[in-house]
2 protein chains.
Amino acid sequence: MIRMEAGRGRSSDTDNGSGNGSADTSAAGAPSPDALLPRLSDRDLKILRYVGREWGQVLEDPEVWRSALPVDPNLGGYPDAVSPKRFGRFVPLTGLPAVEAEEEAEAPPSPLGRVGHHVRRVLLGPPLAGTAIAVERMRKLVALPVLSADALSSVAYGPEAMLAVLVLGGAAGLRYSLPIAAVIAFMMLAVGVSYRQTIRAYPHGGGSYIVASDNLGRVPGVVAAAGLMIDYIMTVAVSIASGVEAITSALPALAPSAVVIGVAVIVVLLVGNLRGVRQAGAAFAAPTYAFIIAVFTLVAVGLADAAARGFQPMPTPRLPVTEGVTLLLVLRAFTSGSTAMTGIEAISNAVPAFRPTEWRNARTTLTWMVTVLLILFGGTVALVHLDGVVPHGNETVLSQLARRTFGPGVMYGYVQAATAAILLLAANTAFNDFPRVLFLLARGGHAPRLFLRVGDRLSFSNGILALALAAIAIFVGFAGNTQSLIPLYAVGVFLAFTLSQAGMVVHWLRHRDQAHWRKSLVFNATGGLLSAIVFFTAGITKFTEGAWVAVLVIGLLVLLALRIRRHYDLCTQALALRPHVIELPRQSAPGSGPRVRPTAMPPMTADTETEELEELEEAESEEYPEEVGHLVIVPIARLDLAGMRALAYAASLGQPLLALHLSPTETEAERFRGYWATWGDHLPLEVVVSPHRAIVAPLVHYIETLHHQRPDLTLTVILPEIVVRHWWQRVLHNQTAPRLRRALRRLPKIVITTIPFHLPR
Amino acid sequence: MIRMEAGRGRSSDTDNGSGNGSADTSAAGAPSPDALLPRLSDRDLKILRYVGREWGQVLEDPEVWRSALPVDPNLGGYPDAVSPKRFGRFVPLTGLPAVEAEEEAEAPPSPLGRVGHHVRRVLLGPPLAGTAIAVERMRKLVALPVLSADALSSVAYGPEAMLAVLVLGGAAGLRYSLPIAAVIAFMMLAVGVSYRQTIRAYPHGGGSYIVASDNLGRVPGVVAAAGLMIDYIMTVAVSIASGVEAITSALPALAPSAVVIGVAVIVVLLVGNLRGVRQAGAAFAAPTYAFIIAVFTLVAVGLADAAARGFQPMPTPRLPVTEGVTLLLVLRAFTSGSTAMTGIEAISNAVPAFRPTEWRNARTTLTWMVTVLLILFGGTVALVHLDGVVPHGNETVLSQLARRTFGPGVMYGYVQAATAAILLLAANTAFNDFPRVLFLLARGGHAPRLFLRVGDRLSFSNGILALALAAIAIFVGFAGNTQSLIPLYAVGVFLAFTLSQAGMVVHWLRHRDQAHWRKSLVFNATGGLLSAIVFFTAGITKFTEGAWVAVLVIGLLVLLALRIRRHYDLCTQALALRPHVIELPRQSAPGSGPRVRPTAMPPMTADTETEELEELEEAESEEYPEEVGHLVIVPIARLDLAGMRALAYAASLGQPLLALHLSPTETEAERFRGYWATWGDHLPLEVVVSPHRAIVAPLVHYIETLHHQRPDLTLTVILPEIVVRHWWQRVLHNQTAPRLRRALRRLPKIVITTIPFHLPR
């Protein structure tokens, strides 16, 4: 009994929306089909067994049912009867009674659907079997470029974002660029060291959502996830915007089509990710290394040039001073520059993708990445300072540096191409991460279940689609302008950083037995504190510039997620099996009934169950076959073949039956009654006169009234439905069946059955 | 036998798409609910009786069914059980077993639907009962203004349209205005006299569609209807455009918002007509009389002024000559001016609306109307000539005349207001006529049946809506410019005129016994010939200016109508009852079977029936209850309450049953089999492994394969469907049931049953 209670308690503790304490929900990260059909707990199994016993008492011998089957369910015995043309053939697995659906069985059945299916296949490739999920293990030299594209690409827009604010203060403002850059570099170091601790503590992958929900609780976890989601959307928007700017800096003629190009690139990324391109790790390594080499060379050559002139800064052009150099300006420049840190968390999410020993390799790679990041970032800022480059609208800072350093030519083109490529790759990273966060949220019941579904190319198609749509909306809404997008960016990232580091602090406090917990705690606390400072600074100083959008969206996402979770929790409760024994003691004394109740299952204690029942007063309860009382209702408009077939089907069920006809006038009603008599008046008919010519509402009213007369009955409404060949023909027929179905759906115990009638041609 | 054949033949001859020779389809014009449920022919009744006899042999005593009913179908016996709050209460009519649905039963059941319902009620008023249709009989002095608004209002744009073309030729062109006007006036006379014949021949209303289809055949009738529909759409667009121009001529400040004003006016007309404002005949008379008085006064005062200066034409302003005065220019001017004749047919459609003797009163009114039209048209053109007025973009010709004649003041304002009012009224006339044409088309099976439906305010809501949408599209598409709309106008009107008059010629040739048939024939032939000349002239000379749009749309409408008719004909054939006796002789010798076939009904002759059967090889045939072989399939995803209820419902039907489960992997399949065993393995279960994670396609494939195994079985697929409270929650649940329903719909003998499971809150 205590174990059962504990099981229940545990399942509410873990983030499993279904409420069934599934054994493997704690193994985070890797998507598993278990998420869709959670394992049953011991208590659930007990209830199931108990319910089954009740069924056993009311149903005949299972063998009777089995022998009554007019078909071979295994399909194996009738190979000739199977038409193999349309969807391929079922392959019965040897030794196993299960039937496996072949690839072609996925094709949708309608002709239009089939066309769409073929287009999809050409675009996305054939479906992959679930067993094709093979965890690729990456070498460090492959992991570095693949996982650090997001972080390193930030160098393309981070310094520029900082300078774009400082330049408002003119030459006096620009003087702050080096100190601010130094602070940011220190932060990179601190956060990097902080994430080293996370990697050690979460060798199975410690994304912000997991760390925060594990250590801080459900709501902080959801908040971190919302922050991350905004982060990924912004990563796509900013990377694409910045990448397009890299291109238009080199080819100014393309500038007017920047938005179109950006949207097209997002669509290409969408299709590519729906295809589930995964094995291209090596190909993905190229742009990152190309970019590292490009910026290294740029910085080296630039510094060499500067050294030649004794590190004398070049004069900046005369700048109009539009703002005084205030603390606010400096803080805004700092938060804008902090976007150079985005993506630093990527490695900590992907620890299981490394070769063993995973966490050790991951840590090393993280160290490498932060080092490279520091060099690229610091080098770029220094070079900007020395070369006296100032951001202006038409050309990126990096492009200006490259043009100055190499002159227009091959090297300049190479830098721009590498920049565009790594930014594209960074955007692509978000396409891997965003659906994963949504998957984790959905597994915890905080997002719609459709994000759990792995597409037939083994990618989370719905999450990928959601990201692409959101990114396109943001990108178009801000006209693809990097500088307008930046203020929205920092908020989400640093919110997730803060919660993740705070979670780690709690983690270390809970695990004081681990080695170096004190040192780790200090590192994490420092990282968390710094992240929090950036978060609040960004939120406050950039609020009017766009940060309010990010804050608002994060808030809405969190509210939505909590509401969704509440709904799923209610669902689980409502759908839980409720054996009669819970309710019976109130109606009759135990054992007094004619039927013997099994005693192996102890009756549920009142305190756990009445609570649930009160919550679910409106929920419908368990029913056994013998308890279903039938009344079949056949709304019949004309005595034609479709109507007759509905009547024949209804009568063949052998249950009480009532035919219903709706007439606009008494005269018409009389006439229909005449036809019914001509037919032979074989079945009970009721004619309802509806002078207002409405069809659905009077039927619904009539059926509802019958339901109120006898709420114990299950009313089966049998509707003939004319099925047309072409969609346009649907306009030609009154869509009574779907309308009636929609109208009756809200009533309990009303079952809708549609008998299709197919029109030729 | 011969009678049956003839009955069949007749039903194909008349324009009844249902193929059942309905006795009252020839009584044209008045909408009757019969159209929705046509009367059965003698042959149909015979077949029905025959089918009924077969049922009698396979069903038990009707009394058994009746006594098995667990409810009182008349609802009378359980007055307390009826909850009267939601939809009002059913009122059982005394002495009649029929149940009448009260007004409130019309309210849609969903909360959102109820809000929409209330908005609708406020906007459109409460529903009217079908018995509220009372034919108003109009006095001639009321009929004249109501029915001639369309025709007389043409004076506001007809002359202007003519002049707008002539002015391209400069002063030389304008010289042709009087001769062209004389020809148009002669045409008005000729067409007017022609329609006098129609009124006599069709005292029940002789619209172009009816006259053309009666005398020329189905296709010309449809062509005439298409022409009329375009005419009515253009009437709305042109009248509103011209009315708005009358307003902006007086108040130039409103000119930039002309399109918005026009659309708003169309929307007001839409709502007004959906309300079914009909009793406002007297109110409708005012604008017409006001307009007649205004233009009469204008012409009288203007001519008096001209007389004062000895009828010396005023000099026209210097005009740039943009085109030579060619025959083409003159013809274009003529066809543009002919739009002044539109609406002349209105009285012939509405003969039954007159007081007795209807046709005589209608003829007199027509004569009055043509007289008034001639005076107004002739007077206006003469005044334009004398005053030297020239059309220009910002002010209508009528406004210029009024301003010149009266000066800016009360009289000028009155003329403009009266013009705007009658144009509005003319547009409103189209809202009465267009849905009627669509109704007639739909009754003949040439338009979707939804146009047969009379709204709950007794107006053809769907037709009204269709007209408003089409008119808005045209109006906005041509930016509310009268002169751009005119070229589209003439084509449709004169096509309908031509076909109508041609039909009348055939009519007189067929009815040579009637008085004055020769004279009438000559009048109609003259009118038809002249209309045909205008039609072809307009079609050819204005082709590139926009007439091609009208010709194209008419052509498409005709093709669409014929296609729709073909579809409905196929439907009727497919849905016709087909007693077994037709097919049985091929299988076994008559009388050799164990069951006695009734002999009262002679077996159908092969020549009539085999033909039909060949056409319908794919159609599904008649079935009797005893012949329905059942297999119930329950796709079950989880063993929760919803799944259990579906199983319980399925088992309670007592038919062979197979539960189906879909698993992504073998392991999961094994686990579910375990749960099934825990439950007790009471019913046969089949687990299908779908490694591609698709749900719908493998289920469809499996069920289809079962269908191919045993095509004789009716497969009932029972699906639990989770019903949520709020629409947004629907995203949170996999919509398997609707998707499966859509996918399975195309398969024959597969019945879909949904068991709703309602979530609390």
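Worth saying up front: this structure is predicted, and the values here are computed from it rather than measured.

Draft legend 1. Broad picture of the overall build of chain A. Within chain A one finds 27 helices and seven strands. By residue count, 57% of the 761 residues in chain A fall in the buried class. Summarising the internal contacts of chain A: among those between residues at least 6 apart in sequence, 79% fall at separations of at least 24. For chain A, the computed accessible surface area is about 30000 Å², with 64% contributed by carbon and sulfur atoms.

Draft legend 2. A look at helix α13 (residues 327–337) of chain B. All names here are of chain B. For α13, the tally of buried residues reaches eight of 11 residues, placing the bulk of the element in the interior. Burial in α13 covers these residues: Leu329, Val330, Arg332, Ala333, Phe334, Thr335, Ser336 and Gly337. Considering only its buried residues, α13 is in contact with α6 (158–166), α8 (177–201), α19 (482–510) and α20 (517–541).

Draft legend 3. Structural context of the packing of helix α5 (residues 140–153) of chain B against helix α17 (residues 410–443) of chain B. Residue and element names in this part refer to chain B. Viewed as axis vectors pointing N to C, α5 and α17 meet at an angle of 115°, and their least axial separation amounts to 8 Å. Of the two elements, α5 crosses α17, and the hand of that crossing is left-handed. The residues of α17 that touch α5, namely those facing Val146, Ala149, Asp150, Leu152 and Ser153, are Ile422, Leu423, Leu425, Ala426 and Thr429. The class makeup of the residues in the contact of α5 with α17 is seven nonpolar, two polar and one charged.

Draft legend 4. Inspection of the domain arrangement of chain A at higher detail. Assigned domains within chain A: domain 1 (140–552) and domain 2 (625–758). Between domain 1 of chain A and domain 2 of chain A, the C-alpha centre-to-centre distance is 62 Å.

Draft legend 5. Helix α25 (residues 666–679) of chain B, seen in detail. With 14 residues, α25 of chain B should reach 20 Å at 1.5 Å per residue; the first-to-last C-alpha distance of 20 Å fits that figure. Listed as buried for α25 of chain B are Glu668, Ala669, Arg671, Phe672, Arg673, Tyr675, Trp676, Thr678 and Trp679 of chain B. Residues of α25 of chain B that are buried sit in contact with α2 (42–58) of chain A together with α24 (641–652), β4 (657–663) and β5 (685–689) of chain B. Looking one or two residues past α25 of chain B, glycine 680 of chain B carries a phi angle of roughly 130°, positive in sign.

Draft legend 6. Spatial organisation of the nonpolar core. In terms of nonpolar packing, the biggest core is built from 145 residues, with Met162, Val236 and Phe494 of chain A touching the most fellow members. Per-element tally for this core: the top contributor is helix α10 (residues 218–250) of chain A, with 17 residues. Among all residues touching valine 236 of chain A, those that are not within four sequence positions of it are Ile266, Ala427, Ala430, Phe431, Leu467 and Ala471 of chain A. In this structure, Met229, Ala294, Val389 and Phe494 of chain B belong to the second largest nonpolar core, which totals 143 residues.

Draft legend 7. View of the environment of glycine 221 of chain A. Residue and element names in this part refer to chain A. Structurally, the position occupied by glycine 221 is in helix α10. Through-space distance from the C-alpha of glycine 221 to that of leucine 303 is 45 Å; in sequence the pair is 82 residues apart. Ignoring sequence-local partners within four residues, the contact set of glycine 221 consists of Tyr209, Ala212 and Ser213.

Draft legend 8. View of the confidence of the model for chain A. All names here are of chain A. For chain A, per-residue confidence averages 78 on the pLDDT scale, and 78% of positions sit at 70 or higher. Contacts for the low-pLDDT stretch residues 130–135, under 50 throughout, to residues beyond four places or in other chains number six contacts. The ipTM for the predicted assembly is 0.73, set against a pTM of 0.71.

Draft legend 9. Expanded view of the pattern of salt bridges. Scanning the entire structure with this criterion turns up 18 salt bridges over all chains. Across the pair aspartate 569 of chain A and arginine 565 of chain A runs a salt bridge whose closest N-O atoms are separated by 3.1 Å. Here arginine 565 of chain A and aspartate 569 of chain A lie together in helix α21 (residues 543–575), a separation of four residues that amounts to about one turn. For aspartate 569 of chain A, a relative accessible area of 29% puts it in the partly exposed group. Put simply, arginine 403 of chain B and glutamate 395 of chain B hold a salt bridge, and the shortest N to O gap is 2.7 Å. Judged by its relative accessible area of 14%, glutamate 395 of chain B is buried. Taken together, the salt bridges that share partners define one network made up of Glu323, Arg332 and Glu545 of chain A.

Draft legend 10. Representation of the pairing of strand β5 (residues 685–689) of chain A in the model. All names here are of chain A. Counting buried residues along β5, five of its five residues qualify, which places the element largely inside the surrounding structure. Burial along β5 is two-sided: the residues Leu685, Val687 and Val689 and Glu686 and Val688 are all buried. Note that strand β4 (residues 657–663) and β5 share five bridges and pair parallel. Paired with leucine 660 across the bridge in β5 is glutamate 686. The β-α-β motif built from β4, the intervening helix α25 (residues 666–679) and the parallel element β5 has right-handed crossover chirality.

Draft legend 11. Representation of the packing of aromatic side chains. Across all of its chains, the model carries 12 aromatic pairs over all chains by this definition. Pairing phenylalanine 494 of chain B with phenylalanine 497 of chain B gives two aromatic rings, centres 5.3 Å apart and planes at 75°, and the pair type is edge-to-face. Taken together, the positions of phenylalanine 494 of chain B and phenylalanine 497 of chain B, both in helix α19 and three residues apart, correspond to about one turn of that helix. Under the relative-accessibility criterion, phenylalanine 494 of chain B is labelled buried at 0%. Accessibility expressed as a relative area gives 1% for phenylalanine 497 of chain B, which makes it buried. Three or more aromatic residues joined by ring pairs make a cluster, and in this case those are Tyr195, Phe494 and Phe497 of chain A.

Draft legend 12. Fine view of the side chain of threonine 335 of chain A. Residue and element names in this part refer to chain A. For threonine 335, the position within the fold is in helix α13 (residues 327–338). By relative accessible area, threonine 335 is classed as buried at 1%. Of note is the side chain of threonine 335, whose polar atom sits 2.9 Å from the backbone oxygen of arginine 332. Excluding its chain neighbours within four sequence positions, the residues that come into contact with threonine 335 are Ala490, Val534, Thr537, Ala538, Thr541 and Lys542.

Draft legend 13. Representation of the environment of alanine 246 of chain A within the structure. Residue and element names in this part refer to chain A. Residue position: alanine 246 is located in helix α10. Residue classification places alanine 246 among the buried residues on the basis of a relative accessible area of 3%. Separated by 25 residues in sequence, alanine 246 and valine 271 place their C-alpha atoms 23 Å apart. Once residues within four sequence positions are removed from consideration, alanine 246 is found in contact with Thr396, Gln416, Thr419 and Ala420.

Rules of the game
- Residues numbered from 1 in each chain as written.
- Chains lettered and ligands numbered in written order.
- Predicted model: local features only at pLDDT ≥ 70, side-chain atom pairs only at ≥ 80, totals over all residues.
- Heavy atoms only, no water.
- Helix = DSSP H or I, 4+ residues; strand = E, 2+ residues; numbered from the N terminus.
- Buried < 20%, exposed > 50% of the residue type's maximum accessible area, 1.4 Å probe, protein only.
- Contact = heavy atoms within 4.5 Å.
- Areas by Shrake-Rupley, 256 points an atom, 1.4 Å probe, with all protein chains shown as cover.
- Axes fitted to C-alpha atoms, helices over the stretch in contact; angles between N-to-C directions.
- Left-handed = near helix turned anticlockwise from the far one by under 90°.
- Nonpolar A, V, L, I, M, F, W, Y, C, P; charged D, E, K, R; others polar.
- Domains from an automatic or database assignment.
- Expected span 1.5 Å × (residues − 1).
- Core = buried A, V, L, I, M, F, W, Y, C linked by side-chain atoms within 4.5 Å.
- pLDDT = per-residue confidence, 0-100.
- Salt bridge = Lys/Arg side-chain N within 4 Å of Asp/Glu carboxyl O.
- Pairing = 2+ DSSP bridges.
- Right-handed = clockwise from strand over helix to strand, strands pointing away.
- Phe/Tyr/Trp six-rings, centres within 6.5 Å; stacked < 30°, edge-to-face > 60°.
- Polar contact = N/O pair within 3.5 Å; in protein donor to acceptor, adjacent residues only side chain to side chain.

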